[in-house]
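So the chains spell out like this:
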Amino acid sequence: MKERLEALRSEALDKLQTVADAVALNDLRVHYLGKKGQLTEILRGMGSLSAEERPIIGQVGNEVRAAIEAVIAEKQTGFEQAETARRLQAETIDVTLPGKAVGAGAIHPLNKIVEEIEDIFIGMGYTVAEGPEVETDFFNFEALNLPKNHPARDMQDSFYITDEILLRTQTSPVQIRTMKAANGRTPVKVICPGKVYRRDDDDATHSFMFHQIEGLVIGPNIRMSDLKGTLLQFVQEMYGPQMQIRLRPSFFPFTEPSAEVDVTCAQCGGSGCRMCKHTGWIEILGCGMVHPKVLEYGGYDPNEVTGFAFGMGVERIALLKYGIDDIRHFYANDTKFLSQFAKI
Ligand code: DAH
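Values in this document were obtained by computation on a predicted structure and should not be read as measured data.

Describe in detail the UniProt feature "binding site: Mg(2+)" (unreviewed entry) in the protein chain, supporting the description with residues and values.
UniProt's entry tags Glu 256 with the feature "binding site: Mg(2+)" (unreviewed entry), counted in the numbering of this structure. Mapped onto the fold, Glu 256 is located in strand 7 (residues 255–264).

Below, the structure is given as structure tokens:
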């Protein structure tokens, strides 16, 4: 039995000398030392030994096991070190290579326009007010002199949530909220930027959601000429000092008189081109003197104060300013489009 153990040892140590990799090494370990391995197999015969022989053979068995284990451990360490060396070699990082730049975000062109417009009006003493996008029928229509069944409601096809609650179709309801909050005090000078919603089919110039900026001024003796002067100042700061405006009579239920404002066509400078349909003018906003009924809804006495209001579409202002032909570009989140405005 002793000879078999010695033979096993030299066979195992021989094989271990030439073992090629960690997998083969493990196979050898199982083959010689495993529960059903060669060593166990031999030692199973110990039962038939005499009481004197048993400890001697047991001792030899332990020595053989220890000798094989020692070589396996040594080989194992060798393979691990080789593997580490291989990975260090393969995964070398050249720290001198230039890094990949992380693309920084930029402000969306529409938000930029809103900020620009805000800045211009803040410079004229206005403050910025905001109102909810989910609005009541009262603030969105009724208090703006648009009673239920008023035909002018058809101009703004609405997303109703209940009979009395809808997504606001315009920023004009913020006028009423601002007046109520002012509690009869004057002057009021606010602009109100925000999202509005209409049941329009999306195309190059329409979107179910777009942005408006509302303006409202209330005080004693506010006149139409104040409105005109304010808008001219705004347009010249926004588009350049060479720009002119013209007011055309129009109708809005919440203003009387009402006007639509055109600005010199930036494309042709007023000489006429395709963009302005050869008129030299481009419409940019609606405005007028606040209707007495609206003043009353806001808590003011129309015999004591007057006011003007205006409302413009931010997308339209942006299209004109940047010469873009399709409003949908603003919502597509195409970074190729958006990044053009990062540096403007
Ligand atoms: N709310 C109007 C619209 O969405 C725009 C507007 C016109 C606002 C005249 C005003 C105004 O404040 O006076 O079509």
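Let's hear about the packing of helix 5 (residues 109–123) against helix 8 (residues 224–239): which residues, and what values?
Between helix 5 and helix 8, the least distance of the axes is 10 Å, while the angle of their chain directions is 130°. Between helix 5 and helix 8, the interaxial angle falls into the category oblique. Helix 8 is crossed by helix 5, and the crossing has right-handed handedness. Together, Ile 113, Glu 116, Ile 117, Ile 120 and Phe 121 of helix 5 and Thr 230, Phe 234, Glu 237 and Met 238 of helix 8 make up the contact between the two elements. Residue composition of the contact of helix 5 with helix 8, grouped by class: 6 nonpolar, 1 polar and 2 charged.

An account of the site of the ligand is requested, with residue identities and associated values reported.
Surrounding the ligand, one finds 16 residues, the nearest of these being Gln 170, Gln 175, Arg 198, Gln 212 and Glu 214. The side chain of Ser 172 places a nitrogen or oxygen atom 3.0 Å from a nitrogen atom of the ligand. At 2.9 Å from an oxygen atom of the ligand is found a side-chain nitrogen or oxygen belonging to Gln 175. Burial of the ligand by the protein amounts to 91% of the accessible area it has alone, namely 350 Å². Within the shell around the ligand, the residues separate by chemical class into 5 nonpolar, 9 polar and 2 charged.

Got a sec to walk through the pattern of salt bridges? Specific residues and values, please.
Scanning the model with the defined rule gives 18 salt bridges in all. The network of salt bridges with shared partners includes Asp 137, Glu 142, Lys 148, Arg 153 and Glu 164.

Rules of the game
- Residues numbered from 1 in each chain as written.
- Predicted model: local features only at pLDDT ≥ 70, side-chain atom pairs only at ≥ 80, totals over all residues.
- Heavy atoms only, no water.
- UniProt positions renumbered as here; feature names shortened; annotations may be inferred.
- Helix = DSSP H or I, 4+ residues; strand = E, 2+ residues; numbered from the N terminus.
- Axes fitted to C-alpha atoms, helices over the stretch in contact; angles between N-to-C directions.
- Parallel < 35°, antiparallel > 145°, perpendicular 65-115°, else oblique.
- Left-handed = near helix turned anticlockwise from the far one by under 90°.
- Contact = heavy atoms within 4.5 Å.
- Nonpolar A, V, L, I, M, F, W, Y, C, P; charged D, E, K, R; others polar.
- Near = heavy atom within 4 Å.
- Polar contact = N/O pair within 3.5 Å; in protein donor to acceptor, adjacent residues only side chain to side chain.
- Areas by Shrake-Rupley, 256 points an atom, 1.4 Å probe, with all protein chains shown as cover.
- Salt bridge = Lys/Arg side-chain N within 4 Å of Asp/Glu carboxyl O.

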